[in-house]
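Single-letter residue listing:
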Amino acid sequence: MHGKAVLLILFFTSIPLFAQESVTVSGQLFDSETKESLPFANVAVHSFEDNTLITGAITEVDGRFEIQEIPLGKYEVYFSFIGYTGTQQTLLAGGLNTIFDLGKIELEPSAEALDEVEVTGRQATTNSDLNKKSFSLVDNIAQAGGSVLDAMKTMPGVAFDQEGKVVLRGSDKVIVLIDGKQSSLTGFGNQKGLANIPASNIEKIEIINNPSSKYDANGFAGIVNIVYKKEKETGLNGDVGLSFGLGALGKRRPDTKTDLGSFSVNPKLIPSINLNYKKDKVNYFLQSEFIVQEALPNNEFTTRNYDDGRNIVSQVPENRKQFRAIINGGIDYDLDENNSFTFSGLYDREKHIDTAQVAFINLDNSVRDRFYNWQEEEVTRYLNAALNYRHKFEQAGHTLSANAQYTQGLEDETYSLNDSSAVRIGRDKTNIRAIENTTNLSTDYVRPLKNGRIELGAKLRIRRLLVDYTITPGNNSIIYPNLGTFSDWGENLFAGYVNYLLEKERYDVEAGLRAEQTDVFYDLDPGNIYYPDNDDYEYFELFPSVRLTYKLNDTNKLSAFYNRRIDRPGEPELRIFPKYDDPELLKVGNPYLRPQFTDAFELAHKYSWGRGSIFSAVYHRMIQDQYMRIFSIDDSDPDYDIVNRIYQNTGSATNTGIELLFSQDITNTFKVSASFNGYINTIDAYQGILLFPFEQSFSIDESTDEVWNAKLTSEFVLPWEISAQLTGVYFSEMNIPQGEQLARSSVDFGLKKAIWDKKGELTLAATDILNTFGIRQELDGDGFEALYENYYETQIIRLGMKYRF
């Protein structure tokens, strides 16, 4: 209730929504009788309302013209040439279609003076903010100096699960792109790493709930596209930044009694640089970010109440010391006016050392029955190289592009485990070394039309991931025996798509079809006794997408969407080697997982007025063969039980909800907005079989819950031209398999001041001021009940500085 009360007293907030703000118009003029092109003819763009001249152009020698940077709006386009009868067309540019090809325009010869002849025009209607919500990070003050994950916390419809994954409209099946493409930074097919990407070099974040067929079919909840900054001015320009922070300022729950406990008041230093040098045909760009910090990415308390009367609590504090470097750079080279290349590369290396002392406390007598400590040393490294080619045809917006990308990922993780109890004193050591190689080849073709465009494309993706697992067991080893020493996973994806957009005066239609052939294999060490057979399967699927939009009037738009999508389990969900952070609560994958499929329907409405708008959407999603973690008890050891969290396909589910976004500029210095997302989450009853560590049945009861979250922020200007932002977030209770996730909330506040003649800025930001954003779950398993609490580092204060040149 405390979180709700705080939210109710907050002002609403303003989160900038960006649609396309300008369009390009092209075409070619001809003599209607001789069919010869008309050079040096006049093209004039006039305002539709008062017929004032906005811009114009003169046709080239071949009769072609191209007019760029036309603001959104309604226009009359006039075509004239001495000795010919003029003509005109009506253009309504709203932002969905950014390039209009008016095609071949014919003028009739005339010996008389130029007379205007009215021609029925083609009108293009847009609703880009019904298809895609775009959020600039420039004005994101309350999370300044933080990560992309911090910045996304205030975005409408966005939540997070206990593993830090983005959840859109109740699902973590989200694909994260970098500049429109999958990347080693964020994973192929499965999101990762957002908490480690500083937001300082990010221009904007786009959320696409209903992707068209040109996007990969992965991610039924939608797509998050992170757009890096890229300067376009000639010469050298860019910015440098430095952020210092302190995290985990307070403890939500006292630590269990150990010498180390959990880290607090954790220092963080994040320098960043963004450079761009443009001269003639060449543009060089470089972004680099470095993270040096102590952190608490997890601080997990698990209280287990067993049916036999035992009551135990344990705490796993993931005390981290970390260094990470991300360097992203490349060259844009314009071979000529119609052909360009981009060479880009990314180097990402991270090393951290995690240390934990885990006490197992008997709650009946407050005695420590077991003491377990571990240290993890992990190095991850990603290399990414890409070559992009783009050809522009004579017609504006008519393009052919090709992309080749290679990524190599390395994970080298060593755990040193030490255990001390009445039944066991011993040491174990494990090492996992995983190398992933991914090759992408793709091509895309775009052809603008007079009333829309057509898009075609094809893609080939080859992924290989070899994992080596080395165990150095001690006396009475806690490691499950006979796991094997390696696994080899691979996936080949072949895809093609066609997408067609038609825009008319009162309606527009976008329809597409994507076809994907997928071949998968997973070879296991024959020594593994838990999964005796290798896995090998293939499937061919079609993924249609449809959008219908009807323009009720100039301020009201209504859209209906349908798309079918897939979520393929990746290596983290498939990995057969358990993670031993807590020897009585293990996380393990399932090599026999299958993809889940989703049919999604949505009806969206946008109403705009002078300085504000309201967006509303009703959606329904039907999910088949969903997969998630199942809690299962292993009571085969007479000394202690082990609870395994195993990925498993769990049948069907539905998700029906409503999303509301409101924004209003009260004054030039006070902006407000709010968002609300509520849905009914239904999980169908299901019974299945788990194979690890021995064959046993599990069951999920049918459950239905009403879930909602709300986000409120106010943005205003204080004296001395200091910009301020106050944000509140509330997530309600939510049903999950085998239990419920409890409510949580957060209040963030930030200040920003321009300095050095507005070339620099200072920011002060505090997130989760009241320290109420931790995750809590109540679970009901077979033979036990559990309360899971993860009070990871959410309360952080940061001071940042940036200088632009």
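1. Re the overall build of the protein chain
Turning to step 1, where the next piece is worked out: Scanning the protein chain for helices and strands turns up four helices and 48 strands.
Turning to step 2, where the next piece is worked out: Counting the 805 residues in the protein chain, one finds 57% classified as buried.
Turning to step 3, where the next piece is worked out: In the protein chain, the share of contacts with a sequence separation of at least 24, taken over all contacts with a separation of at least 6, comes to 70%.
Turning to step 4, where the next piece is worked out: Entry remark: accessible area of the protein chain is about 33400 Å², with carbon and sulfur atoms responsible for 55%.

2. Looking at the nonpolar core
Turning to step 1, where the next piece is worked out: Of all hydrophobic cores here, the largest spans 62 residues; its most connected members are Tyr372, Trp374, Leu417, Tyr480, Leu483, Tyr580 and Phe692.
Turning to step 2, where the next piece is worked out: Not counting residues up to four positions away in its chain, the partners in contact with tyrosine 372 are Ala356, Gln357, Val358, Phe360, Leu417, Asn418, Asp419, Ile478, Tyr580, Asp581 and Pro583.

3. Description of the packing of aromatic side chains
Turning to step 1, where the next piece is worked out: Counted under the stated rule, the structure contains 23 aromatic pairs.
Turning to step 2, where the next piece is worked out: Arranged with centres 6.4 Å apart and planes meeting at 80°, the rings of phenylalanine 393 and tyrosine 445 form a pair that is edge-to-face. Of this pair, phenylalanine 393 sits in the loop between β22 (367-392) and β23 (399-421) while tyrosine 445 sits in strand β24 (residues 425-449); the two residues are 52 residues apart in sequence, bridging distant segments of the chain.
Turning to step 3, where the next piece is worked out: Accessibility expressed as a relative area gives 30% for phenylalanine 393, which makes it partly exposed.
Turning to step 4, where the next piece is worked out: Taking relative accessible area as the criterion, tyrosine 445 reaches 24% and is therefore assigned partly exposed.
Turning to step 5, where the next piece is worked out: Taken together, a centroid distance of 6.1 Å and an interplanar angle of 45° make the contact between tyrosine 686 and phenylalanine 698 tilted.

4. Overview of the pattern of salt bridges
Turning to step 1, where the next piece is worked out: The tally for this structure, following the rule as stated, stands at 35 salt bridges.
Turning to step 2, where the next piece is worked out: Here aspartate 62 ties to arginine 64 by a salt bridge, and the two come within 3.6 Å at their closest N and O atoms.
Turning to step 3, where the next piece is worked out: Here arginine 575 ties to glutamate 411 by a salt bridge, and the two come within 3.3 Å at their closest N and O atoms. One end of the pair, arginine 575, is in the loop between α4 (571-574) and β30 (579-582); the other, glutamate 411, is in strand β23, and 164 residues separate them in sequence.

5. Observations concerning the sheet that holds strand β5 (residues 73-80)
Turning to step 1, where the next piece is worked out: Taken in spatial order, the four strands make up an open sheet running β3-β2-β5-β7, and their pairing is antiparallel. Each having just a single partner strand, β3 (53-58) and β7 (87-93) make up the two edges of the open sheet. Adjacent strand axes in the sheet meet at a mean angle of 20°, parallel and antiparallel pairs treated alike.

6. Observations regarding the sheet that holds strand β8 (residues 99-109)
Through backbone hydrogen bonds, the strands of a sheet pair up, either in parallel or in antiparallel fashion.
Turning to step 1, where the next piece is worked out: In space, the four strands of this open sheet follow the order β4-β1-β8-β6, with mixed pairing throughout. Whereas interior strands pair on both sides, the edge strands pair on one side only; in this sheet they are β4 (64-71) and β6 (84-85).

7. A word on the confidence of the model for the protein chain
Turning to step 1, where the next piece is worked out: A residue-level look at the protein chain finds 89% of positions with pLDDT of 70 or above and a mean pLDDT of 85.
Turning to step 2, where the next piece is worked out: The low-confidence segment residues 1-19, where pLDDT is below 50, has 59 contacts with residues more than four positions distant or belonging to other chains.
Turning to step 3, where the next piece is worked out: For residues 112-129, every residue scores under 50 in pLDDT, and the model assigns this stretch 58 contacts once sequence neighbours within four places are set aside.

8. A word on the pairing of strand β31 (residues 585-588)
Turning to step 1, where the next piece is worked out: Pairing analysis gives two bridges linking β30 to β31, with the strands arranged antiparallel. Bridge assignment links aspartate 582 to a residue of β31, and that residue is leucine 585.
Turning to step 2, where the next piece is worked out: Once β30 ends, the chain turns through two residues before running back antiparallel as β31.
Turning to step 3, where the next piece is worked out: As defined by bridge partners, β31 adjoins strand β35 (residues 642-649) across four bridges and the pair is classed as parallel. Each bridged residue has a counterpart across the sheet, and for lysine 587 the counterpart in β35 is arginine 645.

9. Comments concerning a negative patch on the surface
Turning to step 1, where the next piece is worked out: A cluster of acidic side chains, namely Asp307, Asp635, Asp701, Glu778, Asp780, Asp782 and Glu785, defines a negative patch on the protein surface.
Turning to step 2, where the next piece is worked out: Take aspartate 701: it is sitting in the loop between β39 (696-700) and β40 (703-718).

10. Brief notes about the pairing of strand β26 (residues 486-503)
Turning to step 1, where the next piece is worked out: Bridge count for strand β25 (residues 452-472) against β26 is 17 bridges, and the pairing is antiparallel. Opposite alanine 458, over in β26, you have glycine 496 as the bridge partner.
Turning to step 2, where the next piece is worked out: Strand direction decides the pairing type here: β26 and strand β27 (residues 507-524), joined by 17 bridges, are antiparallel. Looking at β27, one finds that asparagine 499 is bridged to glycine 512.

Basis of the calculations
In every chain, residue numbers begin from 1 and rise along the written sequence. Only residues with pLDDT of 70 or above have their local features reported here, since the model is predicted, and side-chain atom pairs are shown and tallied only from 80 upward, although totals for entire chains, interfaces and linings are computed over all residues. No hydrogens and no water enter the side-chain calculation; it runs on all heavy atoms of the structure. By definition, any uninterrupted DSSP run of H or I lasting at least four residues is a helix, any uninterrupted run of E lasting at least two residues is a strand, and each is numbered from the N terminus. Type-normalised accessible area, obtained with a 1.4 Å probe on protein chains alone, sets the label of each residue: buried when under 20%, exposed when over 50%, and partly exposed for intermediate values. Throughout, a residue-residue contact means that at least one pair of heavy atoms, one from each residue, lies within 4.5 Å. Note on areas: these come from Shrake-Rupley sampling with a 1.4 Å probe, and a residue is covered only by the protein chains present in the view. For this analysis, a nonpolar core means a set of buried residues of the types Ala, Val, Leu, Ile, Met, Phe, Trp, Tyr and Cys, connected via side-chain atoms within 4.5 Å. The criterion for an aromatic pair is that two Phe, Tyr or Trp rings (for Trp, the six-membered ring) have centres within 6.5 Å, with stacked assigned to planes under 30 degrees apart, edge-to-face to planes over 60 apart and tilted to the rest. In the sections that follow, a salt bridge refers to a side-chain nitrogen of Lys or Arg positioned within 4 Å of a carboxyl oxygen of Asp or Glu. For two strands to be treated as a pair, DSSP must find no fewer than two bridges joining them. Comment: axis = line fitted to C-alpha atoms, over the contacting stretch for helices; angle = value between 0 and 180 degrees taken between N-to-C directions. How sure the predictor is of each residue is captured by pLDDT, a score from 0 to 100. Here the term patch refers to residues with relative accessible area over 30% and no salt bridge, with like charges joined within 9 Å and nonpolar side chains (Val, Leu, Ile, Met, Phe, Trp, Tyr) within 5 Å. Note on charges: Lys and Arg go in the positive column, Asp and Glu in the negative column, and His and the chain ends are not counted at all. In this description, the location of a charge corresponds to atom NZ of lysine, CZ of arginine, CG of aspartate or CD of glutamate.

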